[in-house]
Amino acid sequence: MGLADALILLPFAGALLVWLAPLPRELTAGLAFLVALAEIGLWITTIGQFDFGSGALQLDTRFDWFSDLGVSYHVGLYGFSLWLVGAAVVLMAAAVAYAFWVGRDRARAYFGLMLFLTGAIVAVFASQDLLLFYAAFEAMLIPLYVLVGVWGGAGRTGATLKFVIYTMAGSLLMLASIVVFGLSQGTFDLVESGTSGSGWVFLGFVVAFAVKAPLFPFHGWLPDAYREAPPEVAAVLSGIVSKAAVYGLLRIVIAKFPEPVDDWRNVILVLAAVGLVYGSLVAFRAPDVRGVLAYSSLAQMGLITMGLFAANQAGIAGSILQSVAHALVSGGMFLLAATVERRTTTGELALLGGMAKGRPALATALMTMGIVALAVPGSVTFAGEFLILTGVYAQGWGWSVIVASGIVLAAMYVLRLISAILHAERGPVVSDDALDLRPGEVAIVGAMLACVLVLSAWPALVSERVFPEGGVLAALREQSP
């Protein structure tokens, strides 16, 4: 068993142990958190074994699954997928820790589902067989349905139903595309298969990943799901589940459909640009904290998609760096929003305000994470956006203007959010008794901030280790017939 297998199997085994062990709630939550920390340790070990100078698939394992159909269990990691896995395991550990801190009920079910979700997300990023990718993709959605539908807010039933309808439609479309592509290639293995010129199959994959991201105009499920999910689940939805689409777009769509990508590039860039601007404007007008964060995620996914479809080293490296940064920043902001909601019982911006006074830890954490979110020079988000801007410039200077406009709009909605919570006149729901961040919350959010600040000081840690210089698409296609 290789390290990629271990990264997948450890959280699955942890989930099974949590479900079966008859432990009290505190011990169950503690066991889940230890498994999540062990997963981070295993990922760090994987970094030590990874050769970032090579663009080839590494740490892979393969054996036949359905040999007559050319289906195999094939997992492995590229540089870009290794960083996506890292963002996933860090954010999932923070989410488990927050759920432990707030004391989620039915702990065995809840924490088991969170660990199962971790394993499924890692399996998505490691899959090198299309049917295995589909199985992992569907396995990722199952715990999300339950977590939102059972532990969500008052409108959880409607939010879950909308989420199920959208994602199932996208999944069925992706399955049809997988079957057609795999049968036409004679194999479902992403390393062995060649490229395709089928525009219909290409569009099937694109729409499926657009629903999951989500991208404009397939984002109808987003506001309800983000508002009604438990805050740590909303953090995972925004921060890392959406990055399954980033992996799919790069590893499958861009790598396997070069001609349709060229034909449809401008259409996709237009839709991504509309999503960037539209999401930013709606985020600026959103009446609540989670609404701002939800639509900012829509905007960021539009930005990341623009970098991917620039289809050059700068654009793709910037998209992966921005994906990792967004996972940490958006996840941290959702957890901070949760601390505000716990103290005020609401996320309505009109009712908040004045929370900076007497709460230095909350104010410092929110200001710091917010400053990174608005992409000031010297932040990891600025580095990611600058690389994307450089990449899309190769497709035309007008795209760079749109990206630059998105950066300005991000500053508007982030500053509005910070001001409404911390600096506006104190609202009716903010009492003098509302506490500052407690030690557990400081530890969780502080760890997220530490990761963000390290990447802000050294963004090349990720951007220069996505693929060897000039070898992004070549590395994904070089082993294809």
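Details of the structure are given in the entry above.
Residues numbered from 1 in each chain as written. Predicted model: local features only at pLDDT ≥ 70, side-chain atom pairs only at ≥ 80, totals over all residues. Heavy atoms only, no water.

1. Considering the overall build of the protein
No. 1: Scanning the protein from terminus to terminus reveals 19 helices and two strands.
No. 2: For 481 residues, the compact-globule estimate of 2.2 N^0.38 gives 23 Å, and the protein sits close to it at 21 Å.
No. 3: Within the span of the protein, comprising 481 residues, buried residues form 62% of the whole.
No. 4: Distance between charge centroids for the protein: 10 Å, based on 24 positive and 30 negative side chains. (Helix = DSSP H or I, 4+ residues; strand = E, 2+ residues; numbered from the N terminus. Rg over C-alpha atoms; globule rule 2.2 N^0.38 Å. Buried < 20%, exposed > 50% of the residue type's maximum accessible area, 1.4 Å probe, protein only. Lys, Arg positive; Asp, Glu negative; His and termini not counted. Charge placed at Lys NZ, Arg CZ, Asp CG, Glu CD.)

2. Overview of helix H7 (residues 199–212)
No. 1: Taking 1.5 Å of rise per residue, 14 residues should cover 20 Å, and H7 covers 20 Å from first to last C-alpha, within 8% of that figure.
No. 2: Of all 14 residues in H7, ten are buried; the element is thus mostly enclosed.
No. 3: Those residues of H7 not exposed but buried are Val 201, Phe 202, Gly 204, Phe 205, Val 206, Ala 208, Phe 209, Ala 210, Val 211 and Lys 212.
No. 4: Taken together, the buried residues of H7 touch helix H5 (130–151), helix H6 (156–185), helix H9 (231–241), helix H10 (243–256) and helix H11 (258–285). (Expected span 1.5 Å × (residues − 1). Contact = heavy atoms within 4.5 Å.)

3. Brief notes about the side chain of Ser 81
No. 1: Residue position: Ser 81 is located in helix H3 (residues 79–102).
No. 2: If sequence neighbours within four positions are ignored, Ser 81 has contacts with Phe 125 and Tyr 247.

4. Digging into the pattern of salt bridges
No. 1: Summed over the entire model, instances satisfying the criterion amount to ten salt bridges.
No. 2: Of the charged contacts in the structure, one is a salt bridge between Glu 441 and Arg 343, with a shortest N-O distance of 2.6 Å. Separated by 98 residues along the polypeptide, Glu 441 in helix H17 (residues 439–457) and Arg 343 in helix H13 (residues 313–344) bring together distant segments of the chain. This pair shows no difference in class: Glu 441 is buried, exactly as Arg 343 is.
No. 3: When salt bridges that share partners are traced, they join Arg 62, Asp 189 and Glu 192 into one network. (Salt bridge = Lys/Arg side-chain N within 4 Å of Asp/Glu carboxyl O.)

5. Describing the nonpolar core
No. 1: In this structure, Ile 121, Met 140, Phe 205, Phe 209, Ile 240 and Ile 421 are the most contacted members of the largest nonpolar core, which totals 182 residues.
No. 2: Broken down by element, the residue count for this core peaks at 18 residues, all from H3.
No. 3: For Ile 240, the residues in contact, after removing those within four places along its chain, are Leu 84, Ala 87, Ala 88, Leu 91, Ile 121, Phe 125, Ala 235 and Ala 327. (Core = buried A, V, L, I, M, F, W, Y, C linked by side-chain atoms within 4.5 Å.)

6. Digging into the packing of aromatic side chains
No. 1: Summed over the entire model, instances satisfying the criterion amount to 25 aromatic pairs.
No. 2: Ring geometry for Trp 43 against Trp 83: centres 6.0 Å apart, planes inclined by 70°, an arrangement best described as edge-to-face. Pair noted here: Trp 43 is in helix H2 (residues 25–49) and Trp 83 is in helix H3, with a separation of 40 residues, a long-range link. Across the pair, exposure class does not vary: Trp 43 and Trp 83 are buried alike.
No. 3: Between Phe 50 and Phe 52, the ring centres sit 4.9 Å apart and the planes meet at 50°, which makes this aromatic pair tilted. In this pair, the class of Phe 50 matches that of Phe 52, namely buried.
No. 4: Through successive ring pairs, a cluster of aromatic residues spans Tyr 78, Phe 80, Phe 125, Phe 133, Phe 137, Phe 181, Phe 202, Phe 205, Phe 209, Tyr 247 and Phe 257.
No. 5: It is Lys 212 that lies over the ring of Trp 221; its NZ or CZ is 5.6 Å from the centre.
No. 6: The residue whose ring lies beneath Arg 416 is Phe 284, and the NZ or CZ to ring-centre distance is 5.9 Å. (Phe/Tyr/Trp six-rings, centres within 6.5 Å; stacked < 30°, edge-to-face > 60°. Lys NZ or Arg CZ within 6 Å of the ring centre and 35° of its normal.)

7. Focus: the environment of Pro 24
No. 1: Counting through the fold element by element, Pro 24 comes out in the loop between helix H1 (3–20) and H2.
No. 2: For Pro 24, a relative accessible area of 44% translates into the label partly exposed.
No. 3: Measuring from C-alpha to C-alpha, the distance between Pro 24 and Ala 107 comes to 8.4 Å, with 83 residues separating the pair along the chain.

8. Quick look at the pairing of strand E2 (residues 71–77)
A regular strand carries its side chains on alternate faces of the sheet.
No. 1: In terms of burial, E2 is largely enclosed, as seven of its seven residues are buried.
No. 2: In E2, alternate side chains face the same way, and those of Val 71, Tyr 73, Val 75 and Leu 77 on one face and Ser 72, His 74 and Gly 76 on the other are all buried.
No. 3: Pairing analysis gives six bridges linking strand E1 (residues 58–66) to E2, with the strands arranged antiparallel. Among the inter-strand pairings, Phe 66 is bridged to a residue of E2, identified as Val 71. (Pairing = 2+ DSSP bridges.)

9. A word on H9
No. 1: A large share of H9 lies buried, amounting to eleven of its eleven residues.
No. 2: When H9 is considered as a whole, its buried residues turn out to be Pro 231, Glu 232, Val 233, Ala 234, Ala 235, Val 236, Leu 237, Ser 238, Gly 239, Ile 240 and Val 241.

10. Some details on unusual backbone geometry
No. 1: At the junction of Phe 216 and Pro 217, the peptide bond is cis and its omega measures out at 5° in the coordinates.
No. 2: Despite not being glycine, Arg 106 shows a phi value in the positive range, around 45°.
No. 3: Mapped onto the elements, Arg 106 comes out in the loop between H3 and helix H4 (107–126).

11. Describing the environment of Gly 55
No. 1: Structurally, Gly 55 can be placed in the loop between H2 and E1.
No. 2: Considered as a pair, Gly 55 and Val 466 are 411 residues apart in the sequence and their alpha carbons are 8.6 Å apart.

12. Some details on the packing of helix H12 (residues 289–310) against H13
No. 1: The contact between H12 and H13 brings their axes to 9 Å, and the two run at 175°. With respect to H13, the axis of H12 lies roughly antiparallel. Along the contact surface, H12 presents Val 289, Arg 290, Leu 293, Ala 294, Ser 297, Gln 300, Leu 303, Ile 304, Gly 307, Leu 308 and Ala 310, while H13 presents Gly 315, Ile 316, Ser 319, Gln 322, Ser 323, His 326, Ser 330, Met 333, Phe 334, Ala 337 and Glu 341.
No. 2: Grouping the amino acids of the contact of H12 with H13 by side-chain chemistry returns eleven nonpolar, nine polar and two charged. (Axes fitted to C-alpha atoms, helices over the stretch in contact; angles between N-to-C directions. Parallel < 35°, antiparallel > 145°, perpendicular 65-115°, else oblique. Nonpolar A, V, L, I, M, F, W, Y, C, P; charged D, E, K, R; others polar.)

13. A closer look at the side chain of Ser 196
No. 1: Examined against the element boundaries, Ser 196 turns out to sit in the loop between H6 and H7.
No. 2: The exposure class assigned to Ser 196 is buried, which follows from its relative accessible area of 13%.
No. 3: Within the structure, the side chain of Ser 196 is placed 3.2 Å from the backbone nitrogen of Ser 198, a separation counted as a polar contact.
No. 4: Ser 196 has contacts with Phe 181, Gln 185, Lys 256, Phe 257, Pro 258 and Pro 260, leaving out every residue within four places of it along the chain. (Polar contact = N/O pair within 3.5 Å; in protein donor to acceptor, adjacent residues only side chain to side chain.)

14. Focus: the packing of H13 against helix H15 (residues 380–393)
Axis angle and axis distance: for two packed helices, these are the angle between their axes and the distance between the axes, and together they describe the pair.
No. 1: Where H13 meets H15, the closest approach of the two axes is 7 Å, and the angle between their N-to-C directions is 150°. Here H13 lies roughly antiparallel to H15, going by the angle between them. Considering the relative orientation of H13 and H15, their crossing is left-handed. Across from Ala 314, Gly 315, Ala 317, Gly 318, Ser 319, Leu 321, Gln 322, Ala 325 and Val 329 in H13, the residues of H15 making contact are Val 380, Thr 381, Ala 383, Gly 384, Glu 385, Leu 387, Ile 388, Thr 390 and Gly 391. (Left-handed = near helix turned anticlockwise from the far one by under 90°.)

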